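# Tertiary structure, described
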Amino acid sequence: MHYLIELNYTTELPAIDLHLQAHRQWLQHHYEQGHFVMAGAKQPRTGGLILARADHETEVEEWIGNDPFKQHGLAEYRVTAWQISTQHPALVLPK
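Residues numbered from 1 in each chain as written. Predicted model: local features only at pLDDT ≥ 70, side-chain atom pairs only at ≥ 80, totals over all residues. Heavy atoms only, no water.

### Here we look at the sheet that holds strand β1 (residues 2-9)
Strand order in the open sheet made by the four strands is β2-β3-β1-β4, with antiparallel pairing throughout. Across the chains shown, the open sheet's two edge strands, defined by having one partner strand only, are β2 (36-41) and β4 (75-82). When the angles between neighbouring strand axes are averaged without regard to direction, this sheet yields 15°. Strands β1, β2 and β3 (47-53) of the sheet are contacted by helix α2 (residues 20-32), whose axis makes an angle of about 160° with β2. Relative to the sheet, helix α3 (residues 57-65) contacts β1, β2, β3 and β4, its axis offset from that of β4 by approximately 160°. (Pairing = 2+ DSSP bridges. Helix = DSSP H or I, 4+ residues; strand = E, 2+ residues; numbered from the N terminus. Axes fitted to C-alpha atoms, helices over the stretch in contact; angles between N-to-C directions. Contact = heavy atoms within 4.5 Å.)

Set out below in structure tokens:
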């Protein structure tokens, strides 16, 4: 199952920027584990979106608990289960 993780910052950008490198390392770890498919900042920069894949939402919640933004109380998270039914032929998403 795919999950859309939406982050909404709860503080000003200078505080976010202090933990941005650690957040990016957290993202990279999950890319290497095959958990995350893509991620990026919202525009305007009020948070971000992550497309993840997992067997259960509880896994996603556990991953979020290790995000430095979560650990420092800098963002709120919303997780939406997403069963992708169609996609552009050039885009190949992992199952």
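Moving on from the coordinates now.
### Some points on α3
Every buried residue of α3 is accounted for by V60, W63 and I64. Along the axis of α3, the buried residues cluster in a sector spanning 100°; they form a single face. Away from its buried face by more than 90 degrees, α3 exposes T58 and E62. Of the surrounding secondary structure, the elements contacted by the buried residues of α3 are β1, α2, β2, β3, α4 (68-71) and β4. (Buried < 20%, exposed > 50% of the residue type's maximum accessible area, 1.4 Å probe, protein only. Arc of directions from axis to C-beta.)

### Concerning the packing of aromatic side chains
For the coordinates displayed, the defined rule picks out four aromatic pairs. Plain terms: the ring middles of Y9 and F69 are 5.8 Å apart, the flat faces sit at 90° to each other, and that makes the pair edge-to-face. Taken together, the positions of Y9 in strand β1 and F69 in helix α4 put the pair 60 residues apart, joining distant regions of the chain. The pair Y9 / F69 is uniform in exposure class, with both members buried. Seen in terms of ring centroids, W26 and F36 are 5.3 Å apart; in terms of plane orientation they differ by 70°. Their pairing is edge-to-face. Placement of the pair is W26 in helix α2 and F36 in strand β2, with a sequence separation of 10 residues. In this structure, W26 and F36 share a single accessibility class: buried. (Phe/Tyr/Trp six-rings, centres within 6.5 Å; stacked < 30°, edge-to-face > 60°.)

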